[in-house]
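# Architecture at a glance
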Amino acid sequence: MAYQPKRRKMTAEINVVPYIDVMLVLLIIFMVTAPFVTQGVDVELPQTSTAKTAAELAKEEDSGAFIIVEVDQNGGLGLSVNNGDMARGLSMQDILVRVKAELEINPKSPVLVGGDGRVPYSEIILTLDALSSAGVSSVGLMTEPHNS
């Protein structure tokens, strides 16, 4: 009887250690670069001497929450709720849907519109008109305190 060597079964295994290393390096890169990403819309508000801060306005309305709609110098729209991150690049329809949803949750929330000082006044009026048409009863205009 002839000798027959035992056949070993071949197993296909993937070594995942290099993939985990790459994933951890990417995670570190994203964690380091995340603070440098700018949030919000850069708006240069007009100045006034009788301006109130959003916190003061929220206290007067007996509500800690407020809704801010911003129009940047190019006419782009942004939305911030409860001093959260500014959602940029929204359409007017998106703004109206989100504002209505927030007002259903907290009907006493003040709605503020902030427009860049360089944006045409007509853009602010169109935003105010759209909010009014959507059923928002009271809208305030944001300004910066005048430094005198």
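Residues numbered from 1 in each chain as written. Predicted model: local features only at pLDDT ≥ 70, side-chain atom pairs only at ≥ 80, totals over all residues. Heavy atoms only, no water.

## Side note on the overall build of the protein chain
Counting secondary structure elements, the protein chain contains four helices and seven strands. Burial status across the protein chain gives 26% buried among its 148 residues. Taking the intrachain contacts of the protein chain between residues at least 6 apart in sequence as the baseline, contacts between residues at least 24 apart amount to 66%. Summed over its atoms, the accessible surface of the protein chain is roughly 11,100 Å², and 56% of this surface lies on carbon and sulfur atoms. (Helix = DSSP H or I, 4+ residues; strand = E, 2+ residues; numbered from the N terminus. Buried < 20%, exposed > 50% of the residue type's maximum accessible area, 1.4 Å probe, protein only. Contact = heavy atoms within 4.5 Å. Areas by Shrake-Rupley, 256 points an atom, 1.4 Å probe, with all protein chains shown as cover.)

## Focus on the nonpolar core
Ranked by internal contacts, the top residues of the largest apolar core, which has 18 residues, are Leu79, Ile95, Val99, Val111 and Leu131. Every element with two or more residues in this core is listed here: strand E2 (67-71), strand E3 (77-81), helix H3 (92-105), strand E5 (111-115) and helix H4 (121-133). Looking at which element gives the most residues to this core, the answer is H3, with four residues. Among residues more than four places away in sequence, those in contact with Leu79 are Ile67, Ile68, Val69, Asp85, Met86, Ala87, Leu90, Ile95, Arg98 and Val99. (Core = buried A, V, L, I, M, F, W, Y, C linked by side-chain atoms within 4.5 Å.)

## Side note on the pairing of E3
Note on strand geometry: in a regular strand, side chains alternate between the two faces of the sheet. Of all the five residues making up E3, four are buried; the element is thus mostly covered by neighbouring parts of the structure. Relative to E3, E2 is paired through five bridges, and the arrangement is antiparallel. By the bridge assignment for E3, Glu70 is matched with Gly78. Connecting E2 to the next strand, E3, in antiparallel fashion are five residues, including Gly75 with a positive phi near 90°. (Pairing = 2+ DSSP bridges.)

## Observations regarding the UniProt feature "transmembrane region" (unreviewed entry) in the protein chain
Sites flagged by UniProt as "transmembrane region" (unreviewed entry) map to residues 16-37. Between the first and last C-alpha atoms of residues 16-37 the distance is 31 Å; the span itself is 77% helix and 0% strand. (UniProt positions renumbered as here; feature names shortened; annotations may be inferred.)

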